[in-house]
Amino acid sequence: MAPADPLLRLINVTKRFAGVGDASVSVLAGIDLTVERGESLAIVGPSGSGKSTLLSIIGTLDTPSSGTIELEGRNLSQVRGAALAALRNRCIGFVFQAHYLLPQCTVFENVLVPTLATNNEVIRDGAPDRARRLLERVGLGQRLKHRPGQLSGGERQRVAVVRALINEPQLLLADEPTGALDRVSADQLGQMLLDLNRETRVTLIVVTHALSLAGKMERMLELRDGRLDRPRDP
Amino acid sequence: MTARRLILRSFAHHVRSHLGALAGTAVASAVLIGALIVGDSVRSSLRQLALLRLGRIETAMSTGDRLCRADLFGSGPGAVASIQHRLGLPSRQVVAAPVLQLPAIAVAGEGAARANQVLVHGVDVRFWKLAEKPFVRGAIPPGSVLLNQPLARQLRVEAGDELLLRVQKPSALSRDAPMATEEDATVALRLRVDAVLSDDQLGRFSLAANQTPPFNAFVSMAELQARVDAVGRANLFVAGSLDTSTQPLPMLPGGGFVPTSVFTNVTAAMNLGLRQRWRLDDAELELRLAAGSRVAELRSRRVFLDPLLDEAVPAILANTNAARLMPKMESAGLLTYFVNELRVGDRATPYSMVTAAAGPLLPGELADGEILISRWLADDLEAKAGDTLTLAYYVMGTRRDLIEQTAQFRIKGIYEMNTPGIDRSLMPDFPGMTDADNCRDWDTGLPIQNDRIRPKDEEYWQLHRGTPKAFITLATGQKLWANRFGDLTAIRFAVARPSGAAANAPGGLGVTRSSADPIPIANLGSVLSQGLAPGAFGMTFRPVRDEALAASAHSQDFGQLFLGLSFFLIAAALLLVALLFTFGVETRATEVGTLLALGFRPGQVRRLLLWEGGLVAFVGAILGAKGATLYAQAMLKGLSTVWNQAVGGATLSFHLHTPTILLGVAASILVTVVAMWFALRHQAAQPARALLAGGAQWDQDSNNFGDPVSGAQCPTQRQAESPMSDAGGSLTPVVSRISAPGQLQVICALAATALALGLAFWGWQRGEKQSAGLFFAAGALLLVAGLCACAGWLVRLAATSAKTRLTRSSLAVRGATRRRRRSLAVIGLLASGSFLVAAIGVFRLDAVQNAQQRSSGTGGFALIGQSTQPVLHDLESERAREVYGLDAARLEGMSVVPFRVREGDEASCLNLNRAQEPRILGVAPGLLAKRSAFTFAQAAKGLSRFEGWNLLVSRTRADSDGAAVDGISDDDTVPAIGDQASVVWALGKKVGDTIPLVDERGRPFRIRLVAAVANSILQGNLIIAENEFVKRFPGVAGYRMFLIDTPSNRIDQVSSELTRGLQDLGLELTPASERLAAFNAVQNTYLGTFQVLGGLGLLLGSLGLGVVVLRNVLERRGEYALLLAVGWERSPLRRLVIIEHGVLLAAGLAVGVCAAFVAVLPSVLGPGTEVPYWTLAWTLAGVLLNGFVWTWLATLTALRGNALEMLRNNQ
């Protein structure tokens, strides 16, 4: 049986930002990365190394200066506008360090917000059931009608995770998901992510400082000098 | 979860941040809806005034100078009811009231108070039934008069006071006609004021669509009829329905009903009734027996028979004969004329009657060019058959110029004095002659030299009166003596001769008829009155109520006008809304970023925000609707007081209509949402990552999305530069090729400046009044240039490197580049507002400037006058000086252009109603053409405006096939010229259009607007050539409007002399420049209103500046806290903020004022023009101060608290 095509492939991806005058700052200096379906990958690195930039590029929130990104075999540089937004809506789930829940909506409503961006009736019809199931799964089954202001930090982040999964994406990106949590909540959230990865086979890429979380992933890479490599020994 | 729920949740959650936008929306809505309410109120006020002036009157028939029987419709309501009953119409209580309406002048207080243009109405009790609130006593006591309020105020009288009314006596024979006497043209009534009528007592009664009430006086009809020798006669009939049973009538504020036309066929019923009940007497025709009862004669008190009878009577007889309704009749017309002399050789007979007759009426065979003379004449002239006889007679030229003409005839034969049918009855009843006992008592309008009258002439008169001394053929007579009043003085009828007799043989009608049958005169009269339509004599009822309502419904649209005047205020409010709404959205940057990250498209996010904004707009519009009533009431108060000149003195009341409110709310929501959409265009266009980065410090205008952590540039710009996105393309590479920052804006500024200078130069070269528009356009372009320059300056400043020396002031100014779009919006608003407020004054019209020039709006005339009674003589003639007692020496150098006047609706800016039947003036075009008076703004297609007044001369042009094309006129189309404002605004027409009218005899014709003059004292009227005027309105005698030339140092002298001499005719003279100023005041008032409302918009704009300041400072509290933390004191920090925003204020006002200065340059440099420097200075100073105050308050508010608190709050 031929091996399945990788879900995600980055080929010589670079990213530069404008500096003072004509000088530019190179953040990513040629990233080559292949991520298989269902894989869990942690990206670590010092602060300012470009981890969040890399995740943003993978999540189509940013564009590379050069290089190719393929998601399910599609070259993302050729996808623009509405198609790109649809792809992000259907195929990618994003969890940020700050939960970015809408304070005016309940937990249940926050989870369902991504379904409003699509016209796919199948997705929208099944979303409420999926939302309840997932919230139950993460232990928030009794907090559906609560507002974000009534939840703890960890609970809010769990809601954000469920929101990221509501459209059953293939890829879940988490940018420092535990960065704002206390240790206990961080461990719980990290474990939850791994469990969801195993249960749903959603490909998980996590950017984190927390080596404890990174160590639990199937693979760990370090972003150093603009390139991805195996992590150095501490 | 649905999008609707998300929107509602978001709206509820962020309602506090929406409060500012809500307030701005409420202001914009209040002004917008308020303007519409003003329009409704004006329209409703005019409608109310129209209904007030008519009361319950629905239909009216004015017979002009023709007096009908006052009891034409019976003496009680039953007569009209019977009409309805016979016509099978539903029974209604319809009242028809006769009125004798005559022009007059009023004098009170021994001449201390005077009123011209008074209308005296002789009425009876029936008239008051048609008032909403009838006059209590019903009948007016003899010797008493009721006045309306305006007349009572003018005369400064009240009940019990005495006054004098000088009333024009109606004359059967037009005073312009030959033989018409001038004596006894008015009668003086000394009366006591019985009461002053209120408006709902028909005090405002008038058939003209004008909101200005006339001067009305009401007297007893019987008394007036007796005093003016018109017993039992009336010249106006009004009718209306009193039935209120079918539906409730709405109440007027303060009581009284607004009558509605519950019976829409009153007009039709009255016309049918008229047709059935009218008699020959009502057309002032009389059928009587002559020549011993064998001949009937149709004649008129008006002397000349209406021309329509020439053909109508034979046609009626033919039909009657065919129907065998009575013995077969035949008819023939005759024209008897007063001649100065009949001469054969050196013998002459003075002052005699000569009859021109058709064959049957002639005493013998006659051909054109031949004459039959009486035995008496033959003896007097010692003439015989074959001799040549010369007739000398007068014809009437214009302005009652008598022109003596002669005609020669060959004497065909002599008839005996006792020839049957030739008697005194052949002479019509010439006023002043018929009843005279002797020749020397003749009192006609013709000059009679008494010394020419011989004793034998007196004897003739005693024996034979006006028996004609000679006969000519009718054709010849009509050729010599036909005039606009008619070409027959009688038509005679007789029973037809037995078959075989020649139809036109002499002696047919009343001449040598030995066995003629007696005339069935009653039958004949009935046949004639049934066969003739009253409409042919101009007698027809018009639906005056419907016309009045139409005039008010199509009045000047004050709703649109005030929308235009308020547009800057609305624009300022909407800009404020957009700013505040944008601010609110910007605080939700992370929310927007989240939605984008979740896969929402930018358009979807904007739509969600826009729906939320729509809710804000809806609530704001509802609140604004409440405020709109206050705004409208304030505007109406202004229109009734300080802006009263714009509405011709009308009193306007507040009226609210629900559909208008709903429309206004919808429009407010729409424009607010559009403003928000404009503001949201760039929202959600930023990358999600930047939005999620805790509110990135982006500057949208430079596309420099700086990540505060990495300092890296926004990917959006880089995307445009990267190979991956080159395929998409963007403007950025093109823009970047222009290279230097701000260079594009500078290029635009230079281009606009160059255009502006070009326009200004062109305007300066033209040196005409129209250059005002060019200079305004130049100023507008300079405004654009200034704004482009400011934009470029901001861009360049933002790109300035740190190499320049940094000072506190430069730091402050640099701060203005942080939010360039906001900064530019504020500059633009302030610049536009100050430009408009200052520059709009360039369009003020000045009546005084160049008033003496022919090309000006005064036509170069010094005085314009109008009289109540007609002036029959040429004011420059000797005869006029004699008749009116004028001192020639005091009038030296004066020349006059007289106009005939046919009253109608005033078609000027002073009349808010749409003129239905405009006032028509008749003038000899040459009098204006030779002066090249007035400037022509436009001519109809195919015509040249340089032909000027000669365009009034009727002519038809034909194409190669002979068809009339672009013809100035045909038989039914009369060319007319009007003032451009009258044509466009008052009539709602354009040059080239035609207007259907009906002439005095009920015949429809059209007026074609062949040209328009620019901004003149002729506003309110349409002018046609005098010959066309007298053809259509022959009954209008004399002249009632005058344009007077006089040397500038004699204006007062001429004015006082003419006023004195013609005071009994009610002449009122006004300096032409003053009249023009009254018309100009309308436009100037509108401009003043615009400046006031624009000033309010400017103040609102400076409030916007305060909001921007507050917002900017709050966003940068952390930075300011840092400055405090590193040692800055609070006071210099405040100065930093104030300087930063003061620069925007100063830049905005400077750009606007400089641009405005160019716009008003012609006014500044032109002679005699007053530029309201102080008003403008105070306005701009107010704006500057207001802006500074808001800036200072915002700064204080934002910078309160200590540094640490500010640092914490910023987190």
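Preceding this paragraph is the structure being described.
Below or above, wherever it landed, is the structure these notes cover. Every value quoted in this text rests on a predicted model; they were computed, and no experiment measured them. (Residues numbered from 1 in each chain as written. Chains lettered and ligands numbered in written order. Predicted model: local features only at pLDDT ≥ 70, side-chain atom pairs only at ≥ 80, totals over all residues. Heavy atoms only, no water.)

With that settled, the discussion passes to the overall build of chain B. When you go through chain B residue by residue, the secondary structure sums to 36 helices and 29 strands. By sequence separation, contacts in chain B at least 24 residues apart represent 79% of the contacts at least 6 residues apart. For chain B, the computed accessible surface area is about 49,000 Å², with 56% contributed by carbon and sulfur atoms. (Helix = DSSP H or I, 4+ residues; strand = E, 2+ residues; numbered from the N terminus. Contact = heavy atoms within 4.5 Å. Areas by Shrake-Rupley, 256 points an atom, 1.4 Å probe, with all protein chains shown as cover.)

Attention now moves to the overall build of chain A. For chain A, the helix and strand inventory stands at 7 helices and 10 strands. Relative to a compact globule of 234 residues, whose C-alpha radius of gyration would be 17 Å, chain A shows 18 Å and is just as compact. If one aligns the C-alpha atoms of chain A with their principal axes, the spans along those axes are about 50 × 50 × 40 Å. Taking all 234 residues of chain A together, the buried fraction comes to 57%. Within chain A, contacts between residues separated by at least 24 positions form 72% of all contacts whose residues are at least 6 apart in sequence. Accessible area for chain A stands at about 10,200 Å²; split by element, carbon and sulfur atoms hold 48% of it. Averaged over its 29 positive side-chain charges, chain A has a centre that lies 3 Å from the centre of its 26 negative ones. (Rg over C-alpha atoms; globule rule 2.2 N^0.38 Å. Buried < 20%, exposed > 50% of the residue type's maximum accessible area, 1.4 Å probe, protein only. Lys, Arg positive; Asp, Glu negative; His and termini not counted. Charge placed at Lys NZ, Arg CZ, Asp CG, Glu CD.)

All names here are of chain B. A cluster of nonpolar side chains, Leu 1185, Phe 1188, Val 1189, Trp 1190, Trp 1192 and Leu 1193, forms an exposed patch at the surface whose accessible area comes to about 550 Å². Relative to the elements of secondary structure, Leu 1193 occurs in helix α35 (residues 1173-1198). Judged by relative accessible area, which is 36%, Leu 1193 ranks as partly exposed. (Patch = residues over 30% accessible without salt bridge, like charges linked within 9 Å, V, L, I, M, F, W, Y side chains within 5 Å. Salt bridge = Lys/Arg side-chain N within 4 Å of Asp/Glu carboxyl O.)

Packed helix pairs are characterised by how far apart their axes lie and by the angle those axes make with each other. All names here are of chain B. Where helix α25 (residues 820-839) meets helix α33 (residues 1130-1159), the closest approach of the two axes is 7 Å, and the angle between their N-to-C directions is 35°. Relative to α33, the crossing made by α25 is right-handed. Contacts between α25 and α33 involve Ser 823, Val 826, Ile 827, Leu 830, Ala 831, Ser 834, Phe 835, Ala 838 and Ala 839 from the first element and Leu 1144, Leu 1145, Ala 1147, Gly 1148, Leu 1149, Val 1151, Gly 1152, Val 1153, Ala 1155, Ala 1156 and Ala 1159 from the second. (Axes fitted to C-alpha atoms, helices over the stretch in contact; angles between N-to-C directions. Left-handed = near helix turned anticlockwise from the far one by under 90°.)

With that settled, the discussion passes to helix α30 (residues 1051-1061) of chain B. Buried within α30 of chain B we find Val 1054, Ser 1055, Glu 1057, Leu 1058 and Gly 1061 of chain B. In this fold, the buried residues of α30 of chain B make contact with β20 (863-871), α26 (878-884), β28 (1039-1045) and β29 (1068-1071) of chain B.

A separate point is the interface of chain A and chain B. Across the boundary between the two partners, chain A contributes 33 residues, which contact 35 residues of chain B. Carbon and sulfur atoms make up 62% of the area that chain A and chain B hide from each other, which totals about 3,100 Å². Broken down residue by residue, the surface that chain A buries against chain B is led by Tyr 100, Gln 104 and Leu 116 of chain A, which jointly contribute 20%. Put simply, chain A and chain B have 2 salt bridges between them. Two residues, Glu 109 of chain A and Arg 9 of chain B, come together in a salt bridge whose shortest N-O distance is 2.7 Å. For the pair chain A and chain B, the interface holds 8 residue pairs in polar contact (both at pLDDT 80 or more). Those elements that provide at least two residues to the side of chain A that touches chain B are β1 (8-18), α1 (51-58), β4 (66-71), α2 (81-91) and α3 (107-112) of chain A. (Buried area = accessible area lost by both parts, 1.4 Å probe. Polar contact = N/O pair within 3.5 Å; in protein donor to acceptor, adjacent residues only side chain to side chain.)

Time to look at the sheet that holds β1 of chain A. Residues and elements named next belong to chain A. Read from one edge of the open sheet, 4 strands run β2-β1-β4-β5, paired in antiparallel fashion. Edge positions in the open sheet fall to β2 (24-35) and β5 (74-75), since each of these has one partner strand only. Pairing of β4 with β5, which is carried by 2 bridges, proceeds in the antiparallel orientation. Looking at β5, one finds that Glu 70 is bridged to Asn 75. Contacts from α1 reach β1, β2 and β4, with the element oriented near 125° to β1. (Pairing = 2+ DSSP bridges.)

Moving on to unusual backbone geometry. All names here are of chain B. Even without being a glycine, Arg 156 presents a positive backbone phi close to 55°. Within the element layout of this structure, Arg 156 appears in the loop between α5 (149-155) and β6 (162-168). On the basis of relative accessible area, Arg 156 is assigned to the exposed category, the value being 60%. Its identity is not glycine, yet Val 303 carries a phi of approximately 75°, on the positive side. Inspection of the secondary structure puts Val 303 in the loop between β12 (295-300) and α8 (308-323). Take Val 303: its relative accessible area is 1%, and that puts it in the buried class.

Further remarks concern the sheet that holds strand β6 (residues 92-95) of chain A. Residue and element names in this part refer to chain A. Taking strand neighbours across the sheet as the criterion, the 6 strands line up as β6-β7-β8-β3-β9-β10 in an open arrangement whose pairing is mixed. The sheet is open, and its two borders are formed by β6 and β10 (227-229), each paired with just one other strand. Pairwise comparison of adjacent strand axes, ignoring direction, gives a mean angle of 20° for this sheet. One ladder, built from 3 bridges, connects strand β9 (residues 219-224) with β10; its direction is antiparallel. Looking at the pairing, Glu 222 lines up with Asp 229 of β10. Contacting β6 and β7 (171-175), α2 runs over the sheet at an angle of about 75° to β6. In the packing of helix α5 (residues 153-165) onto the sheet, the strands contacted are β6 and β7, and the crossing angle to β6 comes to about 170°.

Where two aromatic rings form a pair, the distance of their centres and the angle of their planes describe that pair. All names here are of chain B. Considering all chains together, one arrives at 27 aromatic pairs over all chains under this definition. Ring geometry for Phe 73 against Phe 237: centres 5.8 Å apart, planes inclined by 70°, an arrangement best described as edge-to-face. Note that Phe 73 is positioned in the loop between β2 (68-69) and α3 (77-86) and Phe 237 in strand β10 (residues 236-241), a separation of 164 residues in sequence. According to the relative accessible area criterion, Phe 73 is buried, its value standing at 3%. On the accessibility criterion, Phe 237 (2% relative accessible area) is buried. Aromatic pair Phe 934 and Trp 949: ring centres 6.2 Å apart, planes at 70°, arrangement edge-to-face. Within this pair, whereas Phe 934 is found in the loop between α27 (925-929) and β23 (936-939), its partner Trp 949 is found in the loop between β23 and β24 (973-979), the two being separated by 15 residues in sequence. Each member of the pair, Phe 934 as well as Trp 949, carries the same accessibility label: buried. (Phe/Tyr/Trp six-rings, centres within 6.5 Å; stacked < 30°, edge-to-face > 60°.)

All names here are of chain B. Summed over the entire model, instances satisfying the criterion amount to 59 salt bridges over all chains. Lys 169 is paired through a salt bridge with Asp 229; the nearest N and O atoms lie 2.8 Å apart. Taken together, the residues span a long stretch of sequence, with Lys 169 in the loop between β6 and β7 (186-197) and Asp 229 in the loop between α6 (221-227) and β9 (233-234) at a distance of 60 residues. On the basis of relative accessible area, Lys 169 is assigned to the buried category, the value being 9%. For Asp 229, a relative accessible area of 58% puts it in the exposed group. With its nearest N and O atoms 2.6 Å apart, the salt bridge here joins Glu 1057 to Arg 1060. With Glu 1057 and Arg 1060 both in helix α30 and 3 residues apart, this pair spans about one turn of that helix. According to the relative accessible area criterion, Arg 1060 is partly exposed, its value standing at 41%.

Time to look at the state of the cysteines. Residue and element names in this part refer to chain B. Per the counting criterion, the structure on display carries 0 disulfides over all chains. Free cysteine Cys 790: the closest other cysteine sulfur is in Cys 788, separated by 9.3 Å. Here Cys 1154 stays unpaired: no disulfide links it, and the sulfur of Cys 790, its closest cysteine neighbor, is 10 Å away. (Disulfide = S-S within 2.5 Å.)

So, on to α5 of chain A. Residue and element names in this part refer to chain A. The end-to-end C-alpha distance of α5 is 19 Å, a good match for the 18 Å that 13 residues give at a rise of 1.5 Å each. Among the 13 residues in α5, 11 count as buried, and that is most of the element. Along α5, the residues classified as buried are Gly 154, Glu 155, Gln 157, Arg 158, Val 159, Ala 160, Val 161, Val 162, Arg 163, Ala 164 and Leu 165. (Expected span 1.5 Å × (residues − 1).)

Residues and elements named next belong to chain B. Along the polypeptide, Thr 973 turns up in strand β24. With a relative accessible area of 4%, Thr 973 lands in the buried category. Among the polar contacts listed, one links the side chain of Thr 973 to the side chain of Arg 1006, at a separation of 2.8 Å.

Residue and element names in this part refer to chain A. Along the chain, the position of Leu 196 falls in helix α6 (residues 183-200). Overall, Leu 196 belongs to the buried group, its relative accessible area being 2%. It is 9.3 Å that separates the C-alpha atoms of Leu 196 and Arg 137, two residues lying 59 residues apart in sequence. In this view, Leu 196 contacts Arg 137, Val 161, Leu 165, Arg 201 and Val 202; residues no more than four positions away in its chain are not counted.

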